[in-house]
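Here is how the chains run, residue by residue.
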Amino acid sequence: MNCSSVKVKSRSIGNFELKALQKIGICLLLLAISLNGQAQTHLQIVFSHPENTTEVSRTEARLKVDNTHPDSVSTVRYLNKMIVQLQNAGHLDASLDSVTGNRDSLTGYVFFGDAYTWVRIRQANLDEGMLTEAGLRDRLYSSKPVTADAISKINKRILTWCENHGYPFASVTYRDFEFDGHDVSALLDLNTEKRITIDSIIVRGTSRLSRIYLENYLSIKSGDLYNESIIRNIPDRVRELPMVTEAKAFGVTFTDETATIILNLEDKKASQIDGVIGILPDYNNQGKVQLTGDIRIRLLSSFGRGELFDFNWKNPQPQTQDLKMNVNYPFLLNSPIGIDLNLGIYKKDTTYIDVNLNAGLQFILHGGNYFKVFVNSKKSNLLSTYGYQNATTLPPYADISVVSYGVGLKSEKLDYRFNPRRGYAINITGAAGFKTIKENPKLNEVIYDSLDLETVQYHGLITADTYISLFPRGVLNLGTQSAGIGGPQLFSNELYRIGGLKTLRGFDEESILTSLYFIGKAEMRYLMDQNSFLFLFFNGAWYERNSNGLYIKDTPYGFGAGITFETRIGIFSVNYALGKEFDNPVRLKAAKVHFGIVNYF
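Residues numbered from 1 in each chain as written. Predicted model: local features only at pLDDT ≥ 70, side-chain atom pairs only at ≥ 80, totals over all residues. Heavy atoms only, no water.

Considerations on the sheet that holds strand β5 (residues 95–101)
Neighbouring strands of a sheet are bound in pairs by backbone hydrogen bonds; such pairs are parallel or else antiparallel. Pairing within the open sheet is mixed, and its 4 strands lie in the order β4-β3-β6-β5. The open sheet has two free edges, formed respectively by β4 (68–69) and β5, since each of these has just one partner strand. Alignment of strand β3 (residues 41–48) against strand β6 (residues 105–111), held across 7 bridges, turns out to be parallel. When the bridges of β6 are listed, glutamine 44 appears paired with threonine 107. (Pairing = 2+ DSSP bridges. Helix = DSSP H or I, 4+ residues; strand = E, 2+ residues; numbered from the N terminus.)

Now the structure itself:
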């Protein structure tokens with residue numbers, strides 16, 4: 001038993017302090033009891049007050065004493081908690097005077113003294129608006145017990161408001177106390193000192209990140225009032241930037257009535273070039289394989305303004321090309337608005353070609369997250385009508401154009417963007433628009449007679465990942481990717497294409513066409529280094545295809561293993577995956593192997 005855990009508050013009698021003697025006596029009693037074993041202990045409390053016996057009865061009724069405890073040590077702990085409870089109720093002199101008894105029965109002698117209550121805290125120079133914003137308009141005037149905790153909470157609210165409104169050196173004092181029996185009133189005096197505004201942000205170190213970008217990103221601009229809540233979050237905000245790192249802690253210097261923020265930032269590799277080569281079985285030529293490729297160039301903040309240029313090319317299938325380009329420029333004209341432009345071109349062998357244009361405005365939130373609105377224009381044109389010239393029924397493909405309007409949201413908080421141990425990332429997009437079916441002069445016009453050439457179409461997409469640290473080197477990554485397209489008369493060249501390394505591992509790239517799908521994944525990682533890990537994974541999907549009168553649904557799944565490891569020239573990754581769909585068995589010969597490399601610069 002640790003006697004130091006027994007806390008006793010005492011009163012002065014004459015020139016002697018009883019605290020030490022009381023504590024020693026209680027410790028000796030508990031030591032004797034503990035040496036005789038532990039048993040259930042009955043507690044009796046004797047309350048004392050120097051004058052008011054009525055107050056004793058009221059206190060006993062209000063506290064509702066628990067008389068039975070597992071052992072004597074628990075009993076004394078309970079008594080100490082009771083003392084704190086009395087003090088928080090305004091009995092500032094409350095104390096545990098002594099404890100007597102044995103292991104079966106203890107008697108605690110509690111002195112609780114007078115209870116003091118605030119009648120009124122008068123403000124000398126506090127603004128009513130400030131009190132309301134600080135949540136104190138009612139609390140300052142209502143009757144509250146006089147406790148250090150209550151005063152501390154009032155002070156904290158007032159000083160926090162001051163720190164966030166340009167007065168970081170404010171102080172609070174109480175004066176002109178008035179006592180009427182046990183009723184107390186006092187005058188609260190706020191000394192705000194000088195009002196502080198932001199002078200500038202100074203960047204030291206190798207970072208090329210512009211001051212204008214940092215001012216907008218951190219929400220700290222020249223002339224703004226000093227705001228402690230924003231200043232305090234600077235390390236977290238900088239940590240969320242992928243292109244810089246904080247070399248040492250930031251500083252704030254005050255001169256007269258201004259403050260200067262000094263950041264110590266070093267550039268960090270954030271741009272990347274990466275490529276993936278896929279080796280897949282060639283089902284048209286037994287015993288042979290086919291290669292697929294995926295190359296990406298991502299340039300981030302090359303000019304120090306946080307801008308992004310993203311280029312991605314791949315050939316997921318023979319004679320098929322897929323090109324995507326993205327340009328993003330944040331804080332346009334020194335505002336929290338960014339522009340986001342996307343171009344996508346997809347050519348499906350000799351069947352059709354898609355051209356997709358997307359232009360949006362991003363309303364930038366904390367940590368690079370954003371809410372956006374956008375307009376999207378998609379045109380899909382047939383490249384060949386061979387075999388359908390004389391058809392009288394609808395072919396699986398059509399010439400279409402869709403103009404839609406939508407909103408999106410990105411929210412991400414990861415401890416390390418490239419190989420997180422904990423955190424989450426979520427991206428949600430929804431859009432609605434009008435689809436037009438264009439009549440192809442090379443096709444029999446009869447096939448358009450039963451069609452509604454102008455219809456409404458809906459799209460929705462969500463991707464989400466969460467990372468959970470299970471043990472020092474173990475991370476569980478759970479994620480989902482789901483999307484749906486709604487509207488009448490869907491054609492094959494409108495559907496989503498899933499399958500492959502970035503959607504459903506264990507299957508050929510973009511081999512599954514679907515109008516609605518849900519993909520879930522679970523990946524267990526064993527971290528070997530900051531950018532190196534072994535992993536096992538399982539991903540499963542439910543999807544349906546509802547187009548041209550054709551309805552298909554299935555629940556495919558894939559599983560496998562891989563490794564990602566860092567070298568001097570980049571981060572290599574190898575994925576080995578098997579998949580199962582419909583009633584087909586899992587076949588080792590149909591395994592998918594992907595090799596990739598990512599180079600940051």
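Topic: the packing of aromatic side chains
Evaluation of the coordinates by the stated rule reveals 14 aromatic pairs. Ring geometry for phenylalanine 363 and phenylalanine 371: centres 6.5 Å apart, planes at 35°, overall tilted. Taking the relative accessible area as the measure of exposure, phenylalanine 371 reaches 37% and is therefore partly exposed. An angle of 40° between the planes, with centres 6.4 Å apart, marks the rings of phenylalanine 535 and phenylalanine 537 as tilted. Looking at phenylalanine 535, the relative accessible area reads 5%, which means it is buried. (Phe/Tyr/Trp six-rings, centres within 6.5 Å; stacked < 30°, edge-to-face > 60°. Buried < 20%, exposed > 50% of the residue type's maximum accessible area, 1.4 Å probe, protein only.)

Concerning the pattern of salt bridges
All told, the structure shown has 19 salt bridges when counted by the stated rule. Salt-bridge contacts for aspartate 267 lead to arginine 208; the nearest nitrogen and oxygen are separated by 3.3 Å. Of this pair, aspartate 267 sits in strand β13 (residues 258–267) while arginine 208 sits in the loop between β11 (197–204) and α6 (211–218); the two residues are 59 residues apart in sequence, bridging distant segments of the chain. Here the residues in one salt-bridge network are Arg175, Asp176 and Asp189, joined through shared partners. (Salt bridge = Lys/Arg side-chain N within 4 Å of Asp/Glu carboxyl O.)

Some words on the pairing of β3
Judged by which residues are buried, β3 turns out to be one-sided: Thr41, Leu43, Ile45 and Phe47 face inward and are buried, whereas His42, Gln44, Val46 and Ser48, on the alternate face, are not. Strand direction decides the pairing type here: β3 and β4, joined by 2 bridges, are antiparallel. Looking across to β4, one finds that histidine 42 is bridged to threonine 68.

Looking at the nonpolar core
Side chains of nonpolar character tend, in soluble globular proteins, to be buried together. By size, the foremost hydrophobic cluster in this structure holds 25 residues, and its most contacted members are Ile220, Leu241, Met243, Ile261 and Leu263. Counting only elements with at least two residues in this core, the list comes to β11, α6, α8 (234–239) and β13. Dropping the residues within four chain positions of it, methionine 243 is found in contact with Leu209, Tyr213, Glu266, Asp267, Lys268, Ala270, Leu300, Ser301 and Gly306. Within the second largest apolar cluster, 19 residues are counted, among which are Ala134, Ile154, Trp161 and Val184. (Core = buried A, V, L, I, M, F, W, Y, C linked by side-chain atoms within 4.5 Å. Contact = heavy atoms within 4.5 Å.)

Points about the environment of glutamine 123
Structurally, glutamine 123 is set in strand β7 (residues 117–123). When its relative accessible area of 21% is taken as the criterion, glutamine 123 is described as partly exposed. Along the backbone, glutamine 123 and leucine 188 are 65 residues apart, and their C-alpha atoms lie at a distance of 4.8 Å.

Focus: the sheet that holds β13
Taken in spatial order, the 3 strands of this open sheet run β11-β13-β12, and their pairing is mixed. Every interior strand has two partners, whereas the edge strands, β11 and β12 (244–255), have only one. Each strand of the sheet is rotated relative to its neighbour by a mean of 20°, with strand direction disregarded. Relative to β13, β12 runs antiparallel, the two being bridged by 9 bridges. (Axes fitted to C-alpha atoms, helices over the stretch in contact; angles between N-to-C directions.)

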